[in-house]
Each structure stands twice: as C-alpha cells, then as structure tokens.
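Chain and residue survey
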Amino acid sequence: YTVVFLLVRELTWRSQGRRRWTLFVPLIVIAVAEAALGLAQIAPNSPAHGTYGNRNHFAGLLEMVLPVTVALGLAVRGFAGIGVLCFGTLIFLGILYSLSKMGFVAALGGLFIMAALGAGVRLPPRTRWFAVAGLAAVILLALVFLPPDQVVTGVGSLFTDDTSGEGRFPIWADSLHLIAAYPLFGVGLGNYGGAFIKYQTAVVDRTFDHAHNDYLEPLAELGVFGFFLLACFVFLIFRKAVRAATRRDDANIRYLGLGCVGGMAAIGLHSLTDYNMYVPANAFVFAWIAGIAAGLPAAPRRATHSNAAGEQFPLKKVAVALSGALAVYASGWLVLQHSFLSDPQAESWFCRFGICNMNGYLFPADPDTVRQAYLLESVRRYPASPDRWTALGKAMWRSGQIERARQCFSNAVALGPNRIGTLYTFADFYHSLGEDGLALEQTSRALQSTKELDQFFFDWFKTEKIPMSEIFSRGLPPDARVFRNYLRYMLNSKNVEGAGQVWNASIARGYADDKLAGEYVGFLAGQNHFDSAARAWAAYLGGHRNGYLESNWLLNGDFESEPSNLPMDWAAGGAAGVEVARDADVKHSGAYSLRIRSDGKQNLTDA
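It should be emphasised that the depicted structure is a prediction, and the values quoted were computed from it without experimental measurement.

Observations regarding the overall build of the chain
When helices and strands are counted, the chain shows 27 helices and two strands. For the chain, buried positions account for 43% of its 607 residues. Residue pairs at least 24 apart in sequence account for 61% of intrachain contacts in the chain once pairs closer than 6 positions are excluded. Of the accessible surface of the chain, which amounts to about 31400 Å², a share of 61% is contributed by carbon and sulfur atoms.

Rendered as structure tokens:
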C-alpha cells in the first residue's frame, strides 16, 4: 500500500494539466468491469458481487471510484463527458444491485459531500446553504425511491426487528473491552481475531477475525498512539484533497480534488460498519486515490516549497527500497506456496524470514490426527489462540499426559472463556476424570452464552448419564431460556419422566410461562397422562387456580378465563349465523358467563 501510494503521488506530482486524469483511468476501467460483471450475475437469490466473495466489499470498491468517475465526466464535458457519466451510471447500478445497504448509503454520502463542496466554491455565501439543503433533499429522495425492494426491506428490518445491527453492535461493544485492555499500543497489527476471543461475549458460536468497523479494529490493533498517527496521516491527505477541491484558479485541480474527496468520504462512511480497509483490493484503491490527493498542488504559490520539501526527504529511495522488499517477499511466497508448502523443514526455514504457513498451522485438516509436535509448533507460533491450546490438550489427553493436558485446557479457557468448542472439550475432560463439578461449570457457562448449541450439550448430559439433580444445580445456568429449551428437548424426546423433572424445576424457579405450560400439558395429554396434565396445569396456576382440582373439577367451568387452547379447556367457537363469546354483562356467579347468540337460521345442536 505504501509503494502504491508513493508511486501514484510521484506520478501525480510529475503530471501536468489534463494528464493527471490518466491516473484515474485504471480505477475507472476496473470499476466498470466489476460493475458489468456484477450486473450480469443478478438472479433472484444472487445479488451483484463481481469477483468478490462479499457483496459489501464489492460495493466498497465501486463507491470509491464512483465520485472519481463523475468528477472526470464533469471535467471533460461534451460527448466524452457524457460517455464517462454513462460509465458512472453503470457503476452506480452495480452498487444498487449489490443490495449492500451501507454501500448504497456511502455512495450517496460521497456524492453529496462532493457536490456540496463543489457548490460551496462557486456560489455566494448567501445562497450556499440553500444549495446544500437542496442537495440534502435530493439525496434523501434518492435514499427512499432508488434502492431495490430488498434494500428497503433490509433497512426497515434494522429499525424494527433487529436491535443488534445485524449482530454488529455486540461485537463493537466487546471490541471496546479489548481496546480498554490494551489502550496505548494495542494488540499488534493483524492480531484482532486472536485477541478478541477472550473478550467475546456475543455470538460465541462464531469466530470474528474482523470488528466490522475500520475505526475500532485499527484502534484495537495499534492502540491510541498508532491509531492517532494513522488518523493524522489520512486527515492531512483528506485536507489536502479538500483544499484542491476548493481552488478557483484551476478547474482540473478542483475536479480532481472533488473526486478524491468523494471517494475517500464514501469509504470512510462505509468503514463504520465493515472492514473494507482489510480487503487488499479496496485498500489498494484507497491508497491509489490518497496518492493522487497527496500529489495535487494545494495552491500555486506553494508548488516550489512542496517540491523542495519532497526532495529533502528521500521518498524515491524509500519507494525503491520498499519495492525491492516487496518483490523479494512476493517471490518467496510464490516459491513456498508452489514448492515447499508440504515440507515442514523448508517451511520452518522460510518462516525465519517471516514467510510462514500460518493458516496451515491454524487450521490443520483434522486436529485429532495431527502429530503432537505439529500442535506444539502451532501453539508456539500463535499462543493467544484457545483453539490451538485445546487441540494440543486433546493430544496430550489421548497420550495420557493428564497434568499437561489440564494446563493446556486451563490456558484455552483463560484465552477463550466463552468459546463453545473449548468449553465442551474442557467439560468432557474433567468428566472423564470424575470431576463433574468442574465439568458442569463449563456446560453452564456455554449454555449461558449461546442458544445455537443447546441440543449439543443436552445430548451430552444424556450420553454421559449426568444425574438430573447435578444438571439442575450446576449444569444449567440460572436462565429461563435454557430451562425452557431443556424441557422442550425432553418433550421432543418423548421422555415423560425427564420432562416432569425439568417441569418441576422450572416451576420451582419461576421459569414457566403460558406457552411452555401449554406445550407441557398438551404433551402429557397426548401421552394419555390426563391426571398428570391436570395437576401440572393446577401447579402452574398456583394461587390463581380459582379452586381448580379443589372445589372445581372442571377447568374454567365458569368461563372466568379466556380459553387457553389446552386439551381440557373449552374450545369456544361458532358456526355460520352463530356467535359465541364471553359476556361480562350477564353472569350467575363470578364476573363472566358464556353467551351464544343465533340468528335463528341454524340448528343449534350443530353449533
């Protein structure tokens, strides 16, 4: 990225007049080709995504190049300008049909900032704010009427059904805890995925290599100092682009600056909810645009001074050195990938120079069949990974090294306290040693963290024949959701005895609700346990049973409650011309009676 930035900056500085626009041409060609491919991919269940695996990153590329294309079209004018704007329309359609919500918003945001800045330069101060307000109104209308139905529905669901920001809000909250733990210098560039596991409390059945936020993730990796330096660098480049965009003396420089401002602003908006800057293709495009912005002359009188400053710092030598290192390391990677990937000794030699097969050591084909020496090396290379400690612990457990396995599992739990696979292996290990207290402590923690693997752990209770009393006291967390799901697990298994025990435990803890009680009573009635069904319902009603099974042997005999859809309750419905409803106006006892009203055209015995 640094090589691209320095190269493009130097080319921009050396170019004059309209020749500078040629630096945008490769980006526009790539974006048009990606957009055309994306539009050709559109199908009922397949949005546009170009050569990307992720449609949001596809939109990230296009939204950076769209303002650049529009700026070139406005600068060229005439038929050539119209042709370029047609390319811009194609790019915009690619963003639309990627169905990326934030990609669409970011694209419009970049165009708005570009248009507002351009209008502000050419209009007098009195009318400037009216123009900006008009532009804002146009953007709002575009937000409402332009996107496809899928995007509108997706945005609407964010404000109604989804309170977690599609799972992002909890990850951001946990990322703040990671940042607080390493505030000054961070956990190291590229280490977010491994370090985050320790602080992850949400969606724990998934691994997050990225924070889905290009501000929080660098802050976690670089700390306050590193992030501040990076942010200052980007801010200075953006400020230079803004100054170029507000020049009145040179239209070419102004439009070039506007294109850079729009592209950088668009990806800056999208980076609030995604990790576009960790996708190499998009980071290269950003570095390219930043290089153009950095090479633009901000003002005529400063040209000589800037050139002198550039000559004082050996940028050319730095660029050549970086390019040489890049060529050497790229060649080394190619040699490793194609010739020595399966040779551990050769790979170890390459790794001395930083060319390591980390993915192989992180994800072996089947950890249970891998030699212990391989797993030891895996842990040495990445000791912050709970998955690697777990795999090593399992290998030592199988070979009878119990104490060393115990230490490995302890390290794994310390690094990934909510990691499902780690907790399961930990529980299985201690159960095999007869230390069920520690084993059930891990199942309780795992069940508290996620609902996706409830059945997985419920099956483990059944397979290992864990006593129900132990399960209730230590194996299940004090959580109504877990107890309810455990009862439903028993109902699906047709386990009458087990269901009764879970039901009693749920009643004692106050975890039962109307829906669960209805399911349990219906289950008992379906198994012909009618007396147990009636007593279960009476136990659930408690003080509100209104004499049921004491003086009232008919459930809801006086219609004091709405029908509950239970097998022993009334099913009050009508037929054509017959209305059946509870009535609070006429009653012989209590507060309600049942009124049956007929229009006289129906045989009442049929109703």
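Here's the deal with the packing of aromatic side chains
Scanning all chains against the criterion turns up 31 aromatic pairs. A centroid spacing of 5.7 Å and a plane angle of 50° characterise the contact between tryptophan 21 and phenylalanine 24, whose relative ring orientation is tilted. Site record: aromatic cluster; members linked through ring pairs are Trp397, Phe409, Phe426, Phe429 and Tyr430. Over the ring of tyrosine 592 we find arginine 582, and its NZ or CZ is 3.8 Å from the ring centre.

Quick look at the pattern of salt bridges
Taken as a whole and assessed by the stated rule, the structure comprises 14 salt bridges. The shortest N-O distance in the salt bridge between arginine 14 and glutamate 10 comes to 2.9 Å. Linking arginine 14 with glutamate 10, this pair stays in helix α1 (residues 2-14), spanning four residues, or about one helical turn. Of the residues examined, arginine 14 reaches a relative accessible area of 52% and is grouped as exposed. Here arginine 484 makes a salt bridge to aspartate 513, at a shortest N to O gap of 3.6 Å. One end of the pair, arginine 484, is in helix α24 (residues 480-492); the other, aspartate 513, is in the loop between α25 (496-509) and α26 (514-526), and 29 residues separate them in sequence.

Points about the side chain of threonine 273
Mapped onto the secondary structure, threonine 273 falls in the loop between α11 (251-270) and α12 (280-295). Given the relative accessible area of 18%, threonine 273 is considered buried. With residues up to four places along the chain from it excluded, the contact list for threonine 273 reads Met102, Arg168, Trp172 and His212.

With respect to the state of the cysteines
Enumeration over the complete set of coordinates arrives at one disulfide. The side chain of cysteine 351 participates in a disulfide bridge whose partner is cysteine 356; the two sulfur atoms lie 1.8 Å from each other. Between cysteine 351 and cysteine 356, the disulfide has an S-S torsion of 95° and is therefore right-handed. Cysteine 356 gets classed as buried once you look at its relative accessible area, which sits at 13%.

What about α26?
Taking 1.5 Å per residue, 13 residues should reach 18 Å; α26 reaches 18 Å between its end C-alpha atoms and fits that length. Here α26 has its buried residues at Leu516, Ala517, Tyr520, Val521, Phe523, Leu524 and Ala525. Residues of α26 that are buried make contact with α24, α25 and α27 (530-541). Backbone geometry just downstream of α26 places asparagine 528 in the positive-phi region, at approximately 65°.

What counts, and where the lines are drawn
Residues numbered from 1 in each chain as written. Predicted model: local features only at pLDDT ≥ 70, side-chain atom pairs only at ≥ 80, totals over all residues. Heavy atoms only, no water. Helix = DSSP H or I, 4+ residues; strand = E, 2+ residues; numbered from the N terminus. Buried < 20%, exposed > 50% of the residue type's maximum accessible area, 1.4 Å probe, protein only. Contact = heavy atoms within 4.5 Å. Areas by Shrake-Rupley, 256 points an atom, 1.4 Å probe, with all protein chains shown as cover. Phe/Tyr/Trp six-rings, centres within 6.5 Å; stacked < 30°, edge-to-face > 60°. Lys NZ or Arg CZ within 6 Å of the ring centre and 35° of its normal. Salt bridge = Lys/Arg side-chain N within 4 Å of Asp/Glu carboxyl O. Disulfide = S-S within 2.5 Å. Expected span 1.5 Å × (residues − 1).

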